[in-house]
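Listed below are the residues making up each chain.
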Amino acid sequence: MRIVCSESSRLHRTPQGHPESIARYASVMDALANAGLLAGGSAVPGGDIEVVQARAATKEELASVHKPEYVGRIERFCVAGGGALDPDTHAVPESWEAALKAAGACVQGVEYVLGQADSKVRTAFCVVRPPGHHARPAAPKGFCLFNNVAVGAAVAIQRFGAERVLIVDWDLHHGNGTQEIFYEDPRVFYFSMHRWPFWPGTGSAAETGRGAGKGFTLNLPLAAGTTRGEIRRRFREALEEIAARFAPRLILISAGFDMHRADPLGGLSLEAEDYSEMTYELAELFLKMGCAGVVSSLEGGYDLAALGSSAVAHAKALLSLNAPRA
Ligand SMILES: [Zn+2]
């Protein structure tokens, strides 16, 4: 397993009191360190972790899902000093490097899993910010500058010939940007479970794709207050529905942890161990169908303690899934 992180994530500052703060990155990295996961993974039997620094995504990689003019606009905005891109989404000069590396981390994860035929790396966890799933082809949104997971999916298809990529987005919020990018593309199955109706407004069950992509988007809207058991049951059912008609070569996870019970933006009630169990359910189902591995990328999660414990539970599951199968 690889943990792909970036010191640049510590420098993408947001205004005082903003929920998507530099403290989020520190809380995940500290929790991973305290769990022994940054020191070779000895805390988990058979654990084998390498921690690597993310590289920057190239402009060509970003242009696989974003308009080149948009990439240039974000660069100029950051270099000129930054500020508010919209009422939610902010940047400082250092945000440019952080955003490039947040997207680059996902590409790197894809390279580890798909890059060599004999790769022993089956799982990667990208601990980076800014998050990505709200970013649209030519617009920032919801704390996101570039769509990290979408860039990873595009590289998996274009460079590594992955015919089918499954994106699982269990962030509290619907990944409007990811859905929009692949809405007409049957090579990418986008599955999101999210609170609904809720910000950003997209993600009804009726949104299922368009044209050649019809049937390759699956939204699982959850009303506020949906119980933990019900969320887990509906998640499993959705995975089975996907597995019946789509055998992915690669899974990407938009790993937001804001469905945790303690999350201040949430209204739902998962516990840290749910993120571990959902990781197993997902990976075990598709790995036996020939999927090469799982690349997970941090999205939301705004209670610092819950974010840390959930990320550790998720990372431990990814680590044990990386172990060679008998
Ligand atoms: Zn979220």
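Description of the structure in this document. Residue numbers run consecutively from 1 along every chain, following the written order of its sequence. Confidence filtering applies because this is a predicted model: local features only for residues at pLDDT of at least 70, side-chain atom pairs given and counted only at 80 or more, and all residues used for totals across whole chains, interfaces and linings.

Remarks on the pairing of strand β9 (residues 250-255)
Argument step 1. Most of β9 is tucked away: 6 of the 6 residues are buried.
Argument step 2. Around each residue's C-beta, the other C-beta atoms within 10 Å are counted; 20 or more make the residue buried, 12 or fewer make it exposed, and counts in between make it partly exposed. All C-beta atoms are placed from the backbone. In this text, helices come from DSSP runs of H or I with a minimum length of four residues, and strands from runs of E with a minimum of two, each type numbered from the N-terminal end. Burial of β9 is two-sided: the residues Leu 250, Leu 252 and Ser 254 facing one way and the residues Ile 251, Ile 253 and Ala 255 facing the other way are all buried.
Argument step 3. One requirement defines pairing of two strands: DSSP has to find at least two bridges between them. The sheet contact formed by strand β6 (residues 165-169) and β9 spans 5 bridges and is parallel. Along β9, the bridge assignment pairs Ile 167 with Leu 252.
Argument step 4. Here β9 runs beside strand β10 (residues 294-298); their pairing, made up of 5 bridges, is parallel. Along β10, the bridge assignment pairs Ser 254 with Ser 297.
Argument step 5. A crossover links β9 with its parallel partner β10, the connecting element being helix α8 (residues 272-287), and its sense is right-handed. Call a crossover right-handed when, viewed with both strands pointing away from you, the route from the first strand across the helix to the second goes clockwise.

Some words on the packing of helix α1 (residues 22-34) against helix α9 (residues 304-322)
Argument step 1. Geometry is summarised by axes, namely lines fitted to C-alpha atoms with helices restricted to the contacting stretch, and by angles between N-to-C directions that run from 0 to 180 degrees. Put simply, α1 and α9 touch, their axes get as near as 8 Å, and they point 45° apart. As far as their axial angle goes, α9 and α1 are oblique. For the pair α1 and α9, the sense of crossing is right-handed. Between α1, through Ala 23, Arg 24, Ser 27, Val 28, Asp 30, Ala 31 and Leu 32, and α9, the contact on the second element is made entirely by Leu 304, Leu 307, Gly 308, Ser 309, Ala 311, Val 312 and Ala 315.
Argument step 2. Three classes are used, and their members are as follows: Ala, Val, Leu, Ile, Met, Phe, Trp, Tyr, Cys and Pro are nonpolar, Asp, Glu, Lys and Arg are charged, and the others, Gly among them, are polar. Its residues assigned to classes, the contact of α1 with α9 shows 9 nonpolar, 3 polar and 2 charged. Geometric relationships in this document are graded by angle, where less than 35 degrees denotes roughly parallel, more than 145 denotes roughly antiparallel, 65 to 115 denotes roughly perpendicular, and other angles denote oblique. By the definition used in this description, the sense in which the near helix is turned from the far one sets the handedness, with an anticlockwise turn below a right angle giving left-handed and a clockwise turn giving right-handed. Residues are defined as contacting one another if the C-beta atoms placed from their backbone atoms lie within 7 Å.

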